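# Geometric and topological summary
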Amino acid sequence: MRTQVAIIGAGPAGLLLGQLLHKAGIDNVIVEQRSGEYVLGRIRAGIIEQICQDLLDEAGVGERMHREGIVHHGIELCFGGQRHRIDLRQLTGGKSVMVYGQTEVTRDLMDARAAAGLPTVYEAANVQVHDFDGTSPRVSWQKDGATHELQCDFIAGCDGFHGVCRASVPADRIQTFERVYPFGWLGILADTPPVSDELIYSNHERGFALCSMRSHTRSRHYVQVPLTDKVESWSDEAFWDELRRRLDPEAAESLVTGPSIEKSIAPLRSFVAEPMRFGRMFLAGDAAHIVPPTGAKGLNLAASDVRYLSRAFVEYYRDKTEAGIDDYSRKALRRVWKAERFSWFMTSLLHKFPDDAGFGFKIQQAELDYLVSSAAASTSLAENYVGLPFED
Ligand code: RFL
Ligand code: PHB
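Residues numbered from 1 in each chain as written. Chains lettered and ligands numbered in written order. Predicted model: local features only at pLDDT ≥ 70, side-chain atom pairs only at ≥ 80, totals over all residues. Heavy atoms only, no water.

## Some thoughts on the site of ligand 2
- The local shell around ligand 2 holds 14 residues, among which Y201, S212, R214, Y222 and P293 are the closest.
- One of the side-chain nitrogen or oxygen atoms of Y222 is found 2.6 Å away from an oxygen atom of ligand 2.
- Contact between ligand 2 and A296: an oxygen atom at 3.5 Å from a main-chain N or O atom of the residue.
- Taking 280 Å² as the accessible area of ligand 2 by itself, protein coverage stands at 97%.
- Elements with a contribution of two residues or more to the shell around ligand 2: β15 (209-213) and β16 (219-225).
- Per-class residue counts for the shell around ligand 2 are eight nonpolar, three polar and three charged. (Near = heavy atom within 4 Å. Polar contact = N/O pair within 3.5 Å; in protein donor to acceptor, adjacent residues only side chain to side chain. Areas by Shrake-Rupley, 256 points an atom, 1.4 Å probe, with all protein chains shown as cover. Helix = DSSP H or I, 4+ residues; strand = E, 2+ residues; numbered from the N terminus. Nonpolar A, V, L, I, M, F, W, Y, C, P; charged D, E, K, R; others polar.)

This is the structure:
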């Protein structure tokens, strides 16, 4: 089998890249180790930046998002028992974000791919990438008792943090930067109305909490927990009680509880691999970097890499120039590090750090107070939250 671009991974990065390349007439095959249902079962991101929305429109898959997604013009920061609104729209000259689940984005992309009859290999075992340093890279995998091989011009490593692409790069050609945080997020999804019209990010002495949503009838909430906690030991009731304690009195009062549909614990990590190109293999999305979810940037950053990479491939095939692919890693990393900084900042600002004897908490309160009372500081938060502009 032969194609132009072999894409490893059918998460949002791989599927979006496949769709954008298809629109530009570039052949691609996606090879995914899991089943389609498994990929759709992962409950993850919920906030879509304007530039990610634009890209989904460009890929021809934005229609349902515009119909069912909820546009948010602000967020609320809760500390000292009170909520303070950050008016994203006013502070950014009209920008906003969209509440629309990653599951839905993935489903829309999968449906569009199937409708266009594009090849996706699901449940591919032992996926391997070969010869990406030469001019004829290859991908191999096992399925139905046989070994399969795909020849290609380029490999796009969209296979997430635990994928095979980054792991196949010799150690002396890659540098990694990492911070692991000493806590995780316990998240639940429930068919209960959201607490407020907008997201609430709460800094509390007991730890961070976030009230988010997927629709007007489905809420998504998180509380900071120690990494040693097991999801089985958190009953729904214990979760709701803990969330309520970390909110202001009015929000706590209006919290509607109900049985969880999904409950899981995610560790928090900052991670960047440099560079993002190795010969004819390119990394995009979580395969190259991870952000803690506090800034709502992971999915958006995956889309931003894909934007740069798809344009680079289009220039290569249409204009016969390698300038775009040569500049991909530098351009992508420049934006990645800004999102890393913002996600680290939001995480540091809002969480309880176990080794803090009190000074850190006081500094957080001062910083939050400054953020909500200074136009300069709230503008900085708002412009990062809605997404920084692209370099073109
Ligand atoms: P994914 O989604 O991990 O997809 C990678 C795909 O590659 C497959 N794969 C392989 N395929 C073939 N061979 C192999 N060897 C393979 N190894 C892996 C996997 O099965 C998978 O299908 O990466 P991608 O596409 O880069 O997308 C990244 C996003 O999923 C991620 O950044 C976001 O979910 C992060 N995130 C958030 N991002 C936001 O922008 N806004 C948010 O509000 C937000 N909230 C979150 C989040 C992530 C969370 N968790 C659980 C990590 C909230 C949470 C709780
Ligand atoms: C979510 O809805 O899952 C969500 C929203 C905002 C974040 C992280 C997660 O910062």
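## A look at the sheet that holds strand β6 (residues 82-87)
- One open sheet accounts for eight strands, arranged β6-β5-β14-β15-β16-β13-β17-β20; its pairing is mixed. The two strands at the open ends of the sheet, each matched to only one other strand, are β6 and β20 (289-290).
- In the sheet, strand β5 (residues 74-79) pairs with β6 via six bridges, with the strands oriented antiparallel. Bridge pairing links C78 to R83 in β6. (Pairing = 2+ DSSP bridges.)

None of this, on its own, says anything about what the molecule does.
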